[in-house]
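For reference, the chains in residue letters:
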There are 2 protein chains.
Amino acid sequence: MFLGRFSHNLDAKGRLAIPAKFRGALADGLVVTRGIDRCLSVYPLAAWQTLAERVSALSISDPDARQFRRIVFAEAADEALDSQGRIVVGAELRRYAALDREAVVVGMNTYIEIWNPERWERLTATVEDEGTGIAQRLADLI
Amino acid sequence: MFLGRFSHNLDAKGRLAIPAKFRGALADGLVVTRGIDRCLSVYPLAAWQTLAERVSALSISDPDARQFRRIVFAEAADEALDSQGRIVVGAELRRYAALDREAVVVGMNTYIEIWNPERWERLTATVEDEGTGIAQRLADLI
DNA sequence: ACCGATCCCCCCACTTATCCCCACTTCCAC
DNA sequence: GTGGAAGTGGGGATAAGTGGGGGGATCGGT
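Residues numbered from 1 in each chain as written. Chains lettered and ligands numbered in written order. Predicted model: local features only at pLDDT ≥ 70, side-chain atom pairs only at ≥ 80, totals over all residues. Heavy atoms only, no water.

**Student:** Whenever I open this one, the protein's contact with DNA strand C confuses me. Can you help?
**Tutor:** For DNA strand C, the full set of nearby residues is A:Lys13, A:Arg15, A:Ser83, A:Gln84, A:Arg86, B:Lys13, B:Arg15, B:Gln84 and B:Arg86. Protein-proximal atoms of DNA strand C, defined as those within 4 Å of the protein, fall in sugar or phosphate at a share of 0%. One of the side-chain N or O atoms of B:Arg15 is found 3.2 Å from a base nitrogen in DNA strand C. When its residues are assigned to classes, the surface near DNA strand C shows no nonpolar, three polar and six charged. (Near = heavy atom within 4 Å. Polar contact = N/O pair within 3.5 Å; in protein donor to acceptor, adjacent residues only side chain to side chain. Nonpolar A, V, L, I, M, F, W, Y, C, P; charged D, E, K, R; others polar.)

See below:
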C-alpha cells in the first residue's frame, strides 16, 4: 500500500531514491513506465505482469492495438532496487516527465507516481482551488 | 519478459547485438522472421512453436490467411546467439525491414521487434503527446 | 581427386556504459 | 546528546556494444 508524498533528488546518473516505506512492496522487482499527464508510473512486478498480459492479449490485426502495445512495452523498464533502495530513471523517461534534479514521489495506493515538482505544484494548486467542485463530483463514487 | 527500446548497429557482416537483458530468454534458440508493418520479429524458440501451430491452423481457404502464412514462414530463420550475444540478419530480411546500419530493438513482452530507426520514429512521433491518451487506455486495463 | 576460393563461425581487442560498493551528511528517534 | 537509519554523492570494477581478423568447413572448378 503506497501512501504519502516525498521530495527526493535525482543524482547525476539519473538515480532516484525510493522512500523506505515503499521498498518492501518493490523488493521482488518493479517496472517504470510512462504515466498519465506526463508523470512516470512505477508498478510492483506482480501488478505489472497482470497488466502486461492484458495488453499482450489485444488483437494482432488491429493497427491501434499494435501501436498501443509498442508504446507500452518499448518505454517500460524492468528494474530492481539497488543496495541503497534506488532506481535508475533512463534518459528517455526523464525527458518525458521533464525530470531534472528534483522529483516528487507520490504513493497512489497500488502504484507510485513520479513528478516534476512544478507540474505537481500546478496540478495540486488547481485541485485545491476547484477542490470543492471535484469533491462534489467524486463524492457520488464513495 | 522483453521490455525497453535499444539502438544498436548492424556491422558489415549483418550481425546485430541483442540487448543483454534479452539474451537469457533467447538462450535456447530463436527464430527471426518478417513482422507486421515492415519490421522484423524475433521469437524465443518455445514461443515460436506455439505461434507456428496457430498460424498453421488458420483457414486454407482464406486468402488473407494464406498470405500471412507466406509472410511469416517463407523468410523465417532459426538461429542461435553467437558467443557475443548477436544474431545474423540475412540480406532478404534486412531488405524487407529497410535495415542499413542502425536498428532499433524493441521489447514487446513476449517477443522482440527490430525496426529501421526512421520508421520507428515516424510511428511513435505521432503518439508522443497523446501519450497521455495511451496511458489512459492503459489505466483502463488495470 | 585435388586444389582453390568463398563463406561462415569463432575468437580477440577496444571503447563505453552500467552496476556495485563505499563514504558522507542529514534527519529522526530514543 | 547519541545512535541509527535514510538520503545523497562519487569512484572503481565489470560487463556490454562494436569492429576487425583468423581458421576451418564447404562448395565449385580444374
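Text resumes after the structure shown.
**Student:** Which parts of the structure should I look at to understand the protein's contact with DNA strand D?
**Tutor:** Taken together, 23 residues are adjacent to DNA strand D, and A:Lys13, A:Arg23, B:Lys13, B:Arg23 and B:Arg101 come closest. Considering DNA strand D, the proportion of its atoms within 4 Å of the protein that are sugar or phosphate atoms stands at 55%. Within the side chain of B:Arg15, an N or O atom sits 3.2 Å from a base oxygen of DNA strand D. Where the surface near DNA strand D is concerned, the elements lending two or more residues are β1 (5-9) and α1 (20-23) of chain A together with β1 (5-9) and α1 (20-26) of chain B. Its residues placed into classes, the surface near DNA strand D shows six nonpolar, six polar and 11 charged. (Helix = DSSP H or I, 4+ residues; strand = E, 2+ residues; numbered from the N terminus.)

**Student:** Can you walk me through the environment of B:Leu58 in this structure?
**Tutor:** All names here are of chain B. Structurally, Leu-58 is set in the loop between α2 (45-56) and α3 (63-74). When its relative accessible area of 34% is taken as the criterion, Leu-58 is described as partly exposed. Taking C-alpha positions, Leu-58 is 30 Å from Leu-99, a pair spaced 41 residues apart along the chain. (Buried < 20%, exposed > 50% of the residue type's maximum accessible area, 1.4 Å probe, protein only.)

**Student:** Can you walk me through the packing of aromatic side chains in this structure?
**Tutor:** What characterises a pair of aromatic rings is the spacing of the ring centres plus the angle enclosed by the ring planes. Scanning the model with the defined rule gives 12 aromatic pairs over all chains in all. Both rings, one in A:Tyr43 and one in A:Trp48, keep their centres 6.1 Å apart while their planes meet at 45°; by these two values the pair is tilted. Ring centres of B:Tyr43 and B:Tyr111 lie 5.2 Å apart, and the angle between their planes is 20°; this geometry places the pair in the stacked category. One end of the pair, B:Tyr43, is in strand β4 (residues 40-44); the other, B:Tyr111, is in the loop between β7 (102-107) and β8 (112-115), and 68 residues separate them in sequence. Taken together, A:Tyr43, A:Trp48, A:Phe73 and A:Tyr111 form an aromatic cluster joined through their ring pairs. Here the basic side chain of B:Arg34 rests over the ring of B:Tyr96, its NZ or CZ set 5.5 Å away from the ring centre. (Phe/Tyr/Trp six-rings, centres within 6.5 Å; stacked < 30°, edge-to-face > 60°. Lys NZ or Arg CZ within 6 Å of the ring centre and 35° of its normal.)

Any functional reading would require information that these geometric values do not contain.
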